Number of protein chains: 2
Amino acid sequence: MANIIYIACSIDGFIAREDGDIDWLVNIPNKSNSDYGFEEFMNRIDGIIMGRKTFEKVLEINFWPYTKPVFVLSGTLKKLPEELEKKAEIVSGSPEDIIKRLNAKGIKNIYIDGGTTIRNFLKEGLIDEMIITTASIILGAGIPLFAGIGTEKKFAIEKTEQLNEYLVKIYYKKKDENADTLES
Amino acid sequence: MANIIYIACSIDGFIAREDGDIDWLVNIPNKSNSDYGFEEFMNRIDGIIMGRKTFEKVLEINFWPYTKPVFVLSGTLKKLPEELEKKAEIVSGSPEDIIKRLNAKGIKNIYIDGGTTIRNFLKEGLIDEMIITTASIILGAGIPLFAGIGTEKKFAIEKTEQLNEYLVKIYYKKKDENADTLES
């Protein structure tokens, strides 16, 4: 059972330009047409909790990339497009409550997506793993992944994979808070 | 001839806590007493350009860790402690001018240190390499490495080294701006 972040950011920690554009990421040369492990990751998870803004961004691409149920976190959205009826639903509540409800339905490994959502779940100590791909560009401005979440969280590095000349993927696992290392 | 950043930061991009503390970094377990490649790096460079704030932080540790001449960037400092007479000197001027002056003296591979100094040199396109070690902790607040420097800079990943369970070192090289990849 794990709540997992799977995201890409620039060296300076932005997940998109200020207007949401991710051209700097999608334009990275990819001759072998690799999915950089996305399908493997999708197979591992049971569902996705996604912030409303990220969901709206996904709708713009006119292609639904998820093979697992998506739970859109929103207190304002009333209904989803009809064609997503069996693919996505709206949820609201505290991060902890949502996780509990999903876990009770058998949705145990959960992909947590979207900047605000990631930060809210992190603050609550609800993130068990982070798979962060860094693209070798300094954007200089944009939408930050972490900003200052205001609370300290310890992780350990499980694995590092250099995907190509421009992408490196780091797998982090939550550090047991009672362990005798990385004390502050 | 290269201007090189060599620095450690948290997953969320902070080089120190708000008060300058780097306990989260120095307390990482290091049973084999590794210098994580610092001496090898020091051997490669000819000199160090360091911001005034970083210099004052180094003075606090009562141990001079540098085997190469240090140039302290400051428009306000008048003189350095006597015991550093042959080890460090004060410089001022634009990043480009300082580099030119040092290069003319045979100081060709230069370690650029300190948050503000790093950002100023980056903005001017004067950073050729970055060796960034990420510690697997989210600090939540602190002194940022990049903040929003406001300008885009492209790099390529030369090498990735996982040092231990808590540290990963990534070597970036400046990307030729005329190359046909990573276009924005």
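Residues numbered from 1 in each chain as written. Chains lettered and ligands numbered in written order. Predicted model: local features only at pLDDT ≥ 70, side-chain atom pairs only at ≥ 80, totals over all residues. Heavy atoms only, no water.

## Some thoughts on the sheet that holds strand β5 (residues 88-91) of chain A
Logical step 1: If you walk across this open sheet you meet the nine strands as β5(A)-β4(A)-β3(A)-β6(A)-β1(A)-β7(A)-β11(A)-β10(A)-β8(B), and the pairing is mixed. Of all strands in the sheet, those with a lone pairing partner are β5 of chain A together with β8 (137-138) of chain B, marking the two edges.
Logical step 2: Across seven bridges, strand β1 (residues 2-10) of chain A lies against strand β7 (residues 129-135) of chain A in parallel orientation. Residue pairing across strands places Ala-8 of chain A opposite Thr-133 of chain A, the latter belonging to β7 of chain A.
Logical step 3: On the sheet, helix α3 (residues 52-60) of chain A packs against β3 (47-51), β4 (70-73) and β6 (109-113) of chain A and is oriented at approximately 100 degrees with respect to β3 of chain A.
Logical step 4: Strands in contact with helix α4 (residues 95-104) of chain A are β1, β3, β4, β5 and β6 of chain A; relative to β6 of chain A, the strand with the most contacts, it is inclined by about 145 degrees. (Pairing = 2+ DSSP bridges. Helix = DSSP H or I, 4+ residues; strand = E, 2+ residues; numbered from the N terminus. Contact = heavy atoms within 4.5 Å. Axes fitted to C-alpha atoms, helices over the stretch in contact; angles between N-to-C directions.)

## Topic: the relation of the copies chain B and chain A
Logical step 1: At an RMSD of 0.0 Å, chain B and chain A line up after a rotation of 180 degrees and a shift of 0.0 Å along the axis. Taken together, the rotation angle and the small translation identify this as a two-fold axis. Of the C-alpha atoms belonging to chain B, the one lying closest to the rotation axis is found on Gly-13 of chain B, 3.5 Å away.
Logical step 2: A shared binding surface is used by both copies, with 100% of the interface residues of chain B retained as interface residues in chain A. (Least-squares fit on C-alpha atoms with pLDDT ≥ 70 in both.)

## Here we look at the packing of aromatic side chains
Logical step 1: Applying the stated criterion across every chain yields a total of 14 aromatic pairs over all chains.
Logical step 2: Consider the rings of Phe-55 of chain B and Trp-64 of chain B, whose centres lie 6.2 Å apart with planes at 80 degrees: the pair is edge-to-face. Of the two residues examined, Phe-55 of chain B and Trp-64 of chain B, each falls in the buried class.
Logical step 3: A network of ring pairs unites the aromatic residues Tyr-6, Phe-38, Phe-41, Phe-55, Trp-64, Tyr-66 and Tyr-111 of chain A as a single cluster.
Logical step 4: The aromatic ring of Tyr-171 of chain A is capped on one face by Lys-159 of chain A, whose charged end is 4.3 Å from the ring centroid. (Phe/Tyr/Trp six-rings, centres within 6.5 Å; stacked < 30°, edge-to-face > 60°. Buried < 20%, exposed > 50% of the residue type's maximum accessible area, 1.4 Å probe, protein only. Lys NZ or Arg CZ within 6 Å of the ring centre and 35° of its normal.)

## A few points about the confidence of the model for chain A
Logical step 1: Here chain A averages 94 in pLDDT, while 96% of its residues score no lower than 70.
Logical step 2: This prediction of the complex comes with two scores: 0.93 for pTM and 0.93 for ipTM. (pLDDT = per-residue confidence, 0-100.)

## Points about unusual backbone geometry
Logical step 1: One non-glycine residue with positive phi stands out, namely Asn-33 of chain A, at about 55 degrees.
Logical step 2: In this fold, Asn-33 of chain A is placed in the loop between α1 (23-26) and α2 (38-44).
Logical step 3: At Ala-147 of chain B, a residue that is not glycine, the phi angle is positive and equals roughly 45 degrees.
Logical step 4: Residue position: Ala-147 of chain B is located in the loop between β9 (143-144) and β10 (153-162).

## Some details on the sheet that holds strand β11 (residues 167-174) of chain B
Logical step 1: The strand order across the open sheet built from nine strands is β8(A)-β10(B)-β11(B)-β7(B)-β1(B)-β6(B)-β3(B)-β4(B)-β5(B), with neighbouring strands paired in mixed fashion. With partners counted over all chains shown, the strands left at the sheet margins are β8 (137-138) of chain A together with β5 (88-91) of chain B, one partner each.
Logical step 2: Summarising the sheet, strand β4 (residues 70-73) of chain B and β5 of chain B pair through four bridges and their orientation is parallel. Following the sheet pairing, Leu-73 of chain B is matched in β5 of chain B by Val-91 of chain B.
Logical step 3: Here helix α3 (residues 52-60) of chain B sits on the sheet and contacts β3 (47-51), β4 and β6 (109-113) of chain B; the angle it forms with β3 of chain B, its principal contact strand, is near 100 degrees.

## Here's the deal with helix α5 (residues 115-123) of chain B
Logical step 1: Along α5 of chain B, the residues that are buried comprise Gly-115, Thr-117, Ile-118, Arg-119, Phe-121 and Leu-122 of chain B.
Logical step 2: Once α5 of chain B ends, the next one or two residues include Gly-125 of chain B, with phi positive near 70 degrees.

## Here we look at the pattern of salt bridges
Residue and element names in this part refer to chain A.
Logical step 1: With the rule as written, the count across this model stands at 19 salt bridges over all chains.
Logical step 2: The salt bridge involving Glu-89 is made with Lys-105; its shortest N-O contact spans 3.9 Å. Residue Glu-89 is located in strand β5, and its partner Lys-105 is located in the loop between α4 and β6; the two are separated by 16 residues in the primary sequence.
Logical step 3: The salt bridge partner of Lys-100 is Glu-96, with a shortest N-O separation of 3.9 Å. (Salt bridge = Lys/Arg side-chain N within 4 Å of Asp/Glu carboxyl O.)

## Some thoughts on the nonpolar core
Logical step 1: The biggest cluster of nonpolar side chains holds 62 residues, and the ones touching the most others in it are Ile-49, Leu-122 and Met-130 of chain A together with Ile-49, Leu-122 and Met-130 of chain B.
Logical step 2: Beyond its immediate chain neighbours, meaning those up to four positions away, Met-130 of chain B contacts Ile-11 and Ile-138 of chain A together with Ile-5, Leu-122, Phe-146, Phe-155, Ile-170, Tyr-171 and Tyr-172 of chain B. (Core = buried A, V, L, I, M, F, W, Y, C linked by side-chain atoms within 4.5 Å.)

## Concerning the interface of chain B and chain A
Logical step 1: Chain B puts 45 residues into the contact, and the matching count from chain A is 45 residues.
Logical step 2: At the surface where chain B touches chain A, the tally comes to two salt bridges.
Logical step 3: Taken together, the elements giving at least two residues each to the side of chain B that touches chain A come down to α1 (23-26), β7 (129-135), β8, β10 and β11 of chain B.
Logical step 4: A per-element tally of the side of chain B that touches chain A places β10 of chain B first, with eight residues.
Logical step 5: For the side of chain B that touches chain A, the class distribution of residues is 23 nonpolar, 12 polar and 10 charged.
Logical step 6: Pairing geometry for strand β10 (residues 153-162) of chain A and β8 of chain B, over two bridges, is antiparallel. For Lys-154 of chain A, the partnering residue across the bridge sits in β8 of chain B and is Ile-137 of chain B. (Nonpolar A, V, L, I, M, F, W, Y, C, P; charged D, E, K, R; others polar.)

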